[in-house]
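Read off the chains here:
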Amino acid sequence: MNDLTMDKIVSLCKRRGFVFPSSEIYGGLGSTYDYGHYGVLLKTNVKNAWWQAMLGRDDIVALDSAILQHPRVWEASGHVGGFSDPMVDCRTCKARFRADHIESMACGRKPSRKPGEGGECDLTEARQFNLMFKTTIGPVEETGSTVYLRPETAQGIFINFKNVLQFSRKKPPFGIAQVGKSFRNEITPGNFVFRTREFEQMEMEFFVPPAEAGRWFEHWVAERYRWYTDLGIRAENLVVRAHGADELSHYSSGTSDLEYRYPIGWSELEGIANRGDFDLKAHATASGEKLEYVDTATGERYVPHVIEPAAGVDRATLAFLCDAYAEEEVADGVRVVLRLHPRLAPVKVAVLPLVKKDGQPEVARALYDTLRSRMQAEYDEGGSVGKRYRRQDEIGTPWCVTIDHQSLEDGTATLRDRDTLEQVRVAIADIPAMLTERLAAR
Ligand code: GAP
């Protein structure tokens, strides 16, 4: 782990088609990325695992709200007035820096130094810069046509509180979960997909009776920690860090971050916040709608408090990639392997005929056809088997099945384990059930 660099992850992602710089043929568009086949499969598995953790309980329901919302949503939420970072510009080189990050940043000029350190540097005073992207709705740009791309998925949940309460037949404590894109015009994006201007979030707002907020906050910090470690993140690379009073967002009365040890150092992976009744009250005041829970049996009414675990899909995907990455000395050189949890691995099994003749491809294809209806599988007959193993190791495939001349004689094949490199002979007919069972057991 110590010698893992972000460059190694970026290079593997590019080499194996996980993630590419966006708009590459036009020279790229700073800090925007496109996910290729394996990246999409991995990211989808991360999101599915999150949905499973949420909807596997009976006190959470799903939502998919619009990215474009009424501009008053963002006034009420505090984002129009307060969602900003202090920035300074350099009049000489035209670069822009976050004022609160200057100490840890390098100026783009050579020799490299902090912004403001060079004789020619000419920094402006710090100014507040709102992070929301604006666009216009309708064919004509006119007053009142400005809308924002959502900077978080959470507000779509709060403004639907009444709808969901009515139709889900839930009562607090209960949660509403959502996954989707969010947009922030970050001043200093960077570190690959760690901080980008367009990213995906997995957020859940858990509505609780006010007196239970503290208990549920602790519950969700522990649950979210367990989710990452159950999916393979090593405990030594994950910590819970409580925010100091000076770090809290405008809505929060308590936040703990799950921080991961990325190659760039310990950084936020997910935040769990106690948002109190800030959001429901703000939207109730601004919209005139009552956003509260009324117990029809007792007549009791209250505005629930909210505990929010807010995760980034891209940051989680990056953490899983970093944690899984390993380089190992093997007999014929260095092997790069992604030891991804089988549930997250983009491809679960690869079927490889040893040679492209003697009936081996036909047997391999028949097995592949059976396997692919049960799990993400690949068939690969190109190149030496050693090279094909290396390729599967680099995309994190937990199992490879090799069909050879013996397979045609006795109906067995070699099953290779990505992590132990152990190869055992098993009956081909048993492989689909065996791997299905192994996947379900993890
Ligand atoms: N609703 C609360 C909220 O949005 P946040 O800490 O600003 O809280 C939650 O964001 C998570 O979203 C972060 O922990 C991170 O994983 C992800 N995230 C935030 N900004 C991001 C960015 N610019 N690029 C990638 N992921 C980001």
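Residues numbered from 1 in each chain as written. Predicted model: local features only at pLDDT ≥ 70, side-chain atom pairs only at ≥ 80, totals over all residues. Heavy atoms only, no water.

Asks: For this particular structure, what's the right way to read empty space enclosed by the protein?
Replies: Rolled over the atoms, a probe with the dimensions of a water molecule shows which regions are left empty. Per the counting criterion, the structure on display carries 1 cavity of 30 Å³ or more. In this model, the largest cavity occupies a volume close to 50 Å³. Taken together, Phe18, Val19, Tyr35, Gly39, Leu42, Phe192, Val193, Thr317, Leu318 and Leu321 make up the full set of residues lining the largest cavity. Of all the secondary structure elements, the ones that give two or more residues to the lining of the largest cavity are helix H2 (37–55) and helix H9 (313–324). For the lining of the largest cavity, the element with the highest residue contribution is H9, accounting for 3 residues. In the lining of the largest cavity, the residues fall into 8 nonpolar, 2 polar and no charged. (1 Å grid on protein atoms, 1.4 Å probe; cavity = no way out; pocket = protein on both sides within 12 Å on 5 of 7 lines; lining within 4 Å. Points joined across faces, edges and corners; volume = space filled by probe spheres on them. Helix = DSSP H or I, 4+ residues; strand = E, 2+ residues; numbered from the N terminus. Nonpolar A, V, L, I, M, F, W, Y, C, P; charged D, E, K, R; others polar.)

Asks: What is the right way to read the domain arrangement of the chain from this model?
Replies: Many authors give the size of an interface as the accessible area that is lost as the parts come together. Taken domain by domain, the chain comprises domain 1 (6–68 + 151–321) and domain 2 (347–441). A separation of 37 Å is found between the C-alpha centroids of domain 1 and domain 2. Contacts between the two partners involve 7 residues from domain 1 and, on the opposite side, 7 residues from domain 2. For the pair domain 1 and domain 2, the summed buried area comes to about 660 Å², and 48% of that belongs to carbon and sulfur atoms. By the criterion of area lost to domain 2, the three top residues of domain 1 are Arg16, Tyr38 and Leu41, representing 66% of everything that side buries. (Domains from an automatic or database assignment. Contact = heavy atoms within 4.5 Å. Buried area = accessible area lost by both parts, 1.4 Å probe.)

Asks: What's the story with the packing of aromatic side chains in this structure? I'm lost.
Replies: Two aromatic rings are characterised by how far apart their centres lie and by the angle between their planes. Tallied over the entire structure, the rule returns 16 aromatic pairs. Consider the rings of Phe194 and Tyr262, whose centres lie 5.1 Å apart with planes at 75°: the pair is edge-to-face. Of this pair, Phe194 sits in the loop between strand E9 (174–183) and strand E10 (198–208) while Tyr262 sits in strand E12 (residues 254–262), and the two are 68 residues apart along the sequence. The exposure class assigned to Phe194 is buried, which follows from its relative accessible area of 7%. Between Tyr260 and Tyr262 the ring centres are 5.0 Å apart and the planes differ by 80°, which places this aromatic pair in the edge-to-face class. Overall, Tyr262 belongs to the buried group, its relative accessible area being 2%. Grouped by ring-pair contacts, the aromatic residues Phe158, Phe161, Phe174 and Phe207 constitute a single cluster. (Phe/Tyr/Trp six-rings, centres within 6.5 Å; stacked < 30°, edge-to-face > 60°. Buried < 20%, exposed > 50% of the residue type's maximum accessible area, 1.4 Å probe, protein only.)

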